[in-house]
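Residues per chain are reported as follows:
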Amino acid sequence: MSYQNNLISDYERLAGFYESITKEAEGIVYDIGTGSGILSAWAAPYANFIYAVEKNSFVARETRSFLNDFRNISFIEGDACKIQFPEKADLIICEMLDTALIDEEQVPVLNSVLKYLKKNGKVIPQGVINIAEPVYMEAEHLYYEETGKPSHYTMGSLMVFSKYDFRKPINPCADFDLKFKIIKNGILNGVKITTFTLITSNTICGPTPMLNPPLMIPTKELRVRKGDIITVNLKYTMGGGLDTIRNEIKEIF
Ligand SMILES: C[S@@+](CC[C@H](N)C(=O)[O-])C[C@H]1O[C@@H](n2cnc3c(N)ncnc32)[C@H](O)[C@@H]1O
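Residues numbered from 1 in each chain as written. Predicted model: local features only at pLDDT ≥ 70, side-chain atom pairs only at ≥ 80, totals over all residues. Heavy atoms only, no water.

## Digging into the overall build of the protein chain
Reasoning step 1: Helix and strand counts for the protein chain stand at 5 helices and 15 strands.
Reasoning step 2: For the protein chain, the C-alpha radius of gyration of 20 Å lies close to 18 Å, the compact-globule estimate for 253 residues.
Reasoning step 3: Along the first, second and third principal axes, the C-alpha set of the protein chain runs to 65 × 40 × 30 Å.
Reasoning step 4: Within the protein chain, the proportion of its 253 residues that are buried is 53%.
Reasoning step 5: Contacts in the protein chain between residues at least 24 apart in sequence constitute 71% of all its contacts with a sequence separation of at least 6.
Reasoning step 6: By element, 50% of the accessible surface of the protein chain is carried by carbon and sulfur atoms, the whole surface being about 12400 Å².
Reasoning step 7: Side-chain charges in the protein chain split into 27 positive and 31 negative, and the spacing between the mean points of these groups amounts to 6 Å. (Helix = DSSP H or I, 4+ residues; strand = E, 2+ residues; numbered from the N terminus. Rg over C-alpha atoms; globule rule 2.2 N^0.38 Å. Buried < 20%, exposed > 50% of the residue type's maximum accessible area, 1.4 Å probe, protein only. Contact = heavy atoms within 4.5 Å. Areas by Shrake-Rupley, 256 points an atom, 1.4 Å probe, with all protein chains shown as cover. Lys, Arg positive; Asp, Glu negative; His and termini not counted. Charge placed at Lys NZ, Arg CZ, Asp CG, Glu CD.)

## So, the sheet that holds strand β2 (residues 49-54)
Two modes of strand pairing occur in sheets, parallel and antiparallel, and in both the strands are linked by backbone hydrogen bonds.
Reasoning step 1: Taken together, 5 strands build an open sheet; the order of strands is β3-β2-β1-β4-β5 and the sheet is parallel. What marks the edges here is a single partner per strand, and that holds for β3 (73-77) and β5 (117-124). Direction aside, neighbouring strands of the sheet carry axes that sit 20 degrees apart on average.
Reasoning step 2: Sitting on the sheet, helix α4 (residues 57-67) is in contact with β2 and β3, with an inclination near 165 degrees to β3. (Pairing = 2+ DSSP bridges. Axes fitted to C-alpha atoms, helices over the stretch in contact; angles between N-to-C directions.)

## Considering the pairing of β5
Reasoning step 1: Here 4 bridges tie strand β4 (residues 89-94) to β5, and the two strands are oriented parallel to one another. Paired with Ala89 across the two strands is Leu117, which belongs to β5.
Reasoning step 2: As a crossover connection, the stretch from β4 through helix α5 (residues 106-113) into β5 is right-handed. (Right-handed = clockwise from strand over helix to strand, strands pointing away.)

## Side note on the packing of aromatic side chains
Reasoning step 1: Counting across every chain of the model gives 10 aromatic pairs.
Reasoning step 2: Arranged with centres 4.1 Å apart and planes meeting at 15 degrees, the rings of Tyr30 and Phe85 form a pair that is stacked. Linking Tyr30 in strand β1 (residues 28-32) with Phe85 in the loop between β3 and β4, this pair joins segments that are 55 residues apart in sequence.
Reasoning step 3: On the basis of relative accessibility, which here comes to 0%, the residue Tyr30 falls in the buried class.
Reasoning step 4: With relative accessibility at 7%, the residue Phe85 sits in the buried group.
Reasoning step 5: Ring geometry for Phe66 against Phe70: centres 5.9 Å apart, planes inclined by 85 degrees, an arrangement best described as edge-to-face.
Reasoning step 6: Taking the relative accessible area as the measure of exposure, Phe66 reaches 34% and is therefore partly exposed.
Reasoning step 7: According to the relative accessible area criterion, Phe70 is partly exposed, its value standing at 24%.
Reasoning step 8: Through successive ring pairs, a cluster of aromatic residues spans Tyr30, Phe49, Tyr51, Phe85 and Tyr116. (Phe/Tyr/Trp six-rings, centres within 6.5 Å; stacked < 30°, edge-to-face > 60°.)

So this is what it looks like as structure tokens:
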């Protein structure tokens with residue numbers, strides 16, 4: 001299946017975006033990282049004009065011909081960070097999400113493009129909420145849990161460790177002390193990260209196959225007991241890729 005087909009076959013991802021875009025699109029819209037082009041196509045009946053930007057030339061080849069049929073969409077092949085837009089946006093659609101914003105360019109791209117957002121302009125999605133939990137995982141390497149079949153056991157309580165609002169610039173350097181309460185005796189050897197997307201302030205979308213599958217990060221193996229409090233320091237660079245992830249078990253009580 002092509003990349004575009006994968007994107008438009010993920011109905012859970014699309015349902016939330018469809019509702020929000022058809023409600024919020026008006027005036028000048030940017031669709032940054034337009035991918036399949038589907039989000040621009042939905043915005044087109046409600047917007048005056050749309051700038052749809054795609055950096056990947058392989059993706060652009062197919063999407064250009066799809067979006068060419070819309071009279072109020074300008075398709076631009078290029079890096080959104082380097083484009084000088086001729087007018088400011090009422091709405092920026094930027095869906096380059098991935099779990100905890102680590103592996104895709106959502107944060108650096110939005111940090112660069114936000115200067116073109118009108119005062120009181122909107123961003124879809126509007127933000128994310130990141131959750132961590134301590135786990136015992138069968139694999140010893142980092143992976144996305146894409147099948148929906150858990151390959152781990154939960155060892156402690158969940159915690160919300162960060163929330164981001166995409167209407168404001170974001171520091172891409174993440175550095176968090178994750179404090180977990182252990183709920184059973186056993187072995188801790190990983191942290192599971194789950195990201196929820198706030199498409200608008202009142203539409204939230206959990207992980208779907210093409211949107212933020214849970215990320216399983218291995219840690220040093222540690223024998224734990226019910227009631228222990230464990231602090232894991234987690235660092236990464238948003239938009240820097242999975243290789244930037246570092247973790248260290250700091251404290252055990
Ligand atoms: C998750 S996909 C987009 C999904 C798309 N919104 C859809 O619904 O089909 C992210 C897209 O952003 C593009 N992209 C990544 N960095 C970019 C940049 N700096 N400028 C423009 N496009 C970029 C990628 O090539 C990819 O096609």
